[in-house]
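Structural characterization, general
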Amino acid sequence: MTLNLEEHVIQEERSARERKGSVGGTAADWPSPARRLLIAGTGSGVGKTTITLGIMRALTRNGWKVQPFKCGPDYIDPTYHTAVTGVPSRNLDSWMCGPDGMRDIFVRRANGADIAIMEGVMGLYDGRRADSDEGSSASVAKQLDCPVLLVIDASGMARSAAAMVAGFQHFDAEVRIAGVIANNVGSEGHGKLLREAIESACGVPLIGFVLRNTELAVPERHLGLVPAIERGTLDSLFDRMADAVEAHTDLNEIVRIAESAPLQNMDDLSLGAADSNDIPSKQSSFSSVREAGQELGVTQEPLRLALAYDAAFHFYYPDNMELLEACGFELVRFSPLADEPVPDGVDGLYIGGGFPEAFAPELAKCSRALASIRQVIEAGTPTFAECGGYMLLTERLVLTDGSVYPLIGILPGETRMGTKLAALGYREVTGEAGNFLLPMEQTARGHEFHYSTVHVEEAQALPPAYRSRGLAGERPEGAVYQDRLQLVAGYTHIHFGSNSAIVTNWAQACVAFRQKRL
């Protein structure tokens, strides 16, 4: 079912007088963030990404400006979101950024959009801990007073689907499940049975269903994802997803659900119960880094920060980039994979995560780029390398087939790829001595996800960059030079919104380096 934005606004205006007392005026009068919807699954693998992409694409090609969001720390799904909507997707993470920081990200990005659509993480109630909803989609929904569209895998069931939905409804009364979409439906008749069961037993509408179709599966998170999206080779898949959703889904009902809780202004957002150990809201303030940049004189004479960005290194939180720019950094991209050297005259260097292991043979041949990175770091340039960037700085990379590829070698030891996850989960990191980004006892939050491990002989080991704390306990992590080099490296992807002092600390180090260099 197609939907046109202008026609919808007209329909709303016709009933404005009757609705004004209860919902505060017409759709055109509502602030854009009032239209918001969180699409969550009963668990991982039920098809919520496929259905989310289908809905985003369907609304976009019907003329709506969709602002996409992803709950949690994931990098891959936001890449898909951006490809289907043409609008950069943002992460909403109530644990890494705290409720105030997450709300700030939502408000800044959702303003000006016709609708904000958030894709959940794992199952609706899954988060950082098994005994709370910290970092879960449910936490985000409550803190943003957002209706939830629940995606279920309906294969092999009819009335039992209603029991599943009812369980999710009653698990937490503060979470508003406003509708359901069924995936892997066998036929239109099956869809009819599901609708009767869910609507009669649960009192919420089955907004639609998607017929079983193995060709609609989201591609494996293969290592060529970014170049495939950039070439547009997945566009036809995204359109097929939208076709499948539109065939048996009421887009008008989706918009109605998204508008079910209009807000006159974003101060009306109820943040609900705060997660335990919330970070102070002041730490995620864009105004604080702007003020710091002005005090350092950075806004008048921007600092040049080299940013490694290509198919091998592309995992960066957009909000990290914006915080750096707000402080006065000019981000200058270069591609190690294309054997491009670090740009001349930079004051800092940032090498993010990605998939260097997928391009090990190519990277090993990029002698000009690798030598340039080493020279820049050895010159004392304040450098931050995380995950894939950390791997790149070691001496060599050993793949699972035993093949070995030389890397930069400014950090001792070798990186070994494994066939199983080496680490996964949220981390709170505390700075150690010599860490210019996060001085001793300062903390920040992030996420760790990798299949590799770094192996260093004890006699060669550098001091750790952090103490990293997760559910399994605390351990030293990463590496830092405590004397001549300003290098911080580790596996954790840190969200600067968890402690914006990281940005100002980096700026101070870059200003000092520039003054010394000039």
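Everything discussed here concerns the structure shown above.
Quantities reported herein were computed from a predicted structural model and do not represent experimental measurements.

How each quantity is defined
Residues numbered from 1 in each chain as written. Predicted model: local features only at pLDDT ≥ 70, side-chain atom pairs only at ≥ 80, totals over all residues. Heavy atoms only, no water. Helix = DSSP H or I, 4+ residues; strand = E, 2+ residues; numbered from the N terminus. Buried < 20%, exposed > 50% of the residue type's maximum accessible area, 1.4 Å probe, protein only. Areas by Shrake-Rupley, 256 points an atom, 1.4 Å probe, with all protein chains shown as cover. Patch = residues over 30% accessible without salt bridge, like charges linked within 9 Å, V, L, I, M, F, W, Y side chains within 5 Å. Salt bridge = Lys/Arg side-chain N within 4 Å of Asp/Glu carboxyl O. Polar contact = N/O pair within 3.5 Å; in protein donor to acceptor, adjacent residues only side chain to side chain. Pairing = 2+ DSSP bridges. Axes fitted to C-alpha atoms, helices over the stretch in contact; angles between N-to-C directions. Core = buried A, V, L, I, M, F, W, Y, C linked by side-chain atoms within 4.5 Å. Contact = heavy atoms within 4.5 Å. Arc of directions from axis to C-beta. Parallel < 35°, antiparallel > 145°, perpendicular 65-115°, else oblique. Left-handed = near helix turned anticlockwise from the far one by under 90°. Nonpolar A, V, L, I, M, F, W, Y, C, P; charged D, E, K, R; others polar.

Thoughts on the overall build of the protein chain
Helix and strand content of the protein chain: 17 helices and 24 strands. By residue count, 59% of the 518 residues in the protein chain fall in the buried class. Accessible surface, the protein chain: about 20400 Å² in total, of which carbon and sulfur atoms supply 49%.

Side note on a nonpolar patch on the surface
On the surface, a cluster of nonpolar side chains totalling about 370 Å² of accessible area is made up of Leu421, Leu424, Phe449 and Tyr451. Following the sequence through the fold, Tyr451 ends up in the loop between β18 (443-450) and β19 (452-455).

Here's the deal with the side chain of Thr492
Relative to the helices and strands, Thr492 is located in the loop between β23 (487-490) and β24 (493-494). For Thr492, the side chain forms a polar contact with the side chain of Glu477, separated by 2.7 Å.

As for the sheet that holds strand β3 (residues 90-92)
Taken in spatial order, the seven strands line up as β3-β2-β4-β1-β5-β6-β7 in an open sheet, and their pairing is parallel. Among the strands making up the open sheet, the edge pair consists of β3 and β7 (206-211). Geometrically, the sheet is characterised by an average inter-axis angle of 25 degrees between neighbouring strands, direction not taken into account. Where strand β1 (residues 36-41) lies against strand β5 (residues 148-153), four bridges are found, and the strand directions are parallel. Note on β5: the bridge partner recorded for Ile39 is Leu149.

Describing the nonpolar core
For soluble globular proteins, nonpolar side chains are generally found buried alongside one another. Counting 85 residues, the largest nonpolar core has Ile55, Leu92, Phe106, Met118, Leu124, Ile152 and Ile198 as its most contacted members. If you look at the next biggest cluster of nonpolar residues, it comprises 69 residues, including Ala306, Ala312, Tyr316 and Ile408.

Let's talk about the sheet that holds β19
Pairing is mixed in the open sheet, where four strands are placed in the order β15-β14-β16-β19. The strands lining the two open edges of the sheet, one partner per strand, are β15 (404-406) and β19. Averaged over all adjacent pairs, the angle separating strand axes in this sheet is 20 degrees, with direction ignored.

Considerations on the environment of Leu206
Tracing the backbone shows Leu206 in strand β7. For Leu206, a relative accessible area of 2% puts it in the buried group. Once the C-alpha coordinates of Leu206 and Glu253 are considered, the two residues, 47 residues apart in sequence, prove to be 9.9 Å apart. Every residue in contact with Leu206, bar those within four places of it in the chain, is listed here: Val180, Ile181, Ala182, Gly191, Leu194, Arg195, Ile198 and Glu199.

Brief notes about helix α12 (residues 286-296)
Looking at α12, one finds that the buried residues are Phe286, Val289, Ala292 and Gly293. Here the buried residues of α12 occupy an arc of 125 degrees about the axis, which is enough to place them on one side. Turning to α12, the residues buried within the fold contact α5 (98-110), α13 (318-327) and α17 (501-517).

Things to note about the packing of helix α3 (residues 48-61) against helix α4 (residues 76-85)
Direction vectors running N to C along α3 and α4 enclose 25 degrees, while the axes themselves pass 9 Å from each other. Relative to α4, the element α3 is oriented roughly parallel. Here α3 runs over α4; the crossing is right-handed. Facing α3, whose interface residues are Thr49, Thr52, Leu53, Met56, Arg57 and Thr60, α4 presents Asp77, Tyr80, His81, Ala83, Val84 and Thr85. Taken together, the residues of the contact of α3 with α4 break down into five nonpolar, five polar and two charged.

As for the pattern of salt bridges
Summed over all chains, the structure comprises 36 salt bridges. The partner of Arg57 in a salt bridge is Asp239, with the nearest N and O atoms 3.0 Å apart. Here Arg57 is found in helix α3, whereas its partner Asp239 is found in helix α10 (residues 235-247), with 182 residues between them in sequence. Its relative accessible area of 12% is what places Arg57 among the buried residues. For Asp239, a relative accessible area of 27% gives the class partly exposed. One salt bridge connects Asp239 with Arg61, and the closest N-O pair in it is separated by 3.5 Å. Of this pair, Asp239 sits in helix α10 while Arg61 sits in helix α3, and the two are 178 residues apart along the sequence. Its relative accessible area of 38% is what places Arg61 among the partly exposed residues. Among the charged side chains, a salt-bridge network with shared partners connects Arg57, Arg61, Asp235, Asp239, Asp243 and Glu246.

Thoughts on the side chain of Thr381
Secondary-structure assignment places Thr381 in the loop between α15 (367-378) and β13 (383-386). For Thr381, a relative accessible area of 3% puts it in the buried group. Within the structure, Thr381 has its side chain in polar contact with the backbone oxygen of Val376 (distance 2.8 Å). The residues touching Thr381, leaving out its near neighbours within four places in the chain, are Asp347, Gly348, Leu349, Val376, Gln486 and Phe513.

Regarding the environment of Arg304
Along the polypeptide, Arg304 turns up in strand β8 (residues 303-308). Looking at Arg304, the relative accessible area reads 25%, which means it is partly exposed. Each C-alpha atom of the pair Arg304 and Asp344 lies 9.5 Å from the other, and the pair is 40 residues apart in sequence.

As for unusual backbone geometry
Even without being glycine, Met122 reaches a positive phi, approximately 50 degrees. If you trace the backbone, Met122 turns up in strand β4 (residues 115-123). Met122 sits in the partly exposed class, given a relative accessible area of 36%. Phi at Cys387 is positive, roughly 55 degrees, even though this residue is not glycine. For Cys387, the location among the structural elements is in the loop between β13 and α16 (388-392). Of the residues examined, Cys387 reaches a relative accessible area of 5% and is grouped as buried.

Describing the pairing of strand β21 (residues 473-477)
Bridge analysis of strand β20 (residues 466-470) against β21 gives five bridges, and the strand direction is antiparallel. Bridging across to β21, Gly470 finds its partner in Gly473. The hairpin formed by β20 and β21 contains two residues between the paired strands.

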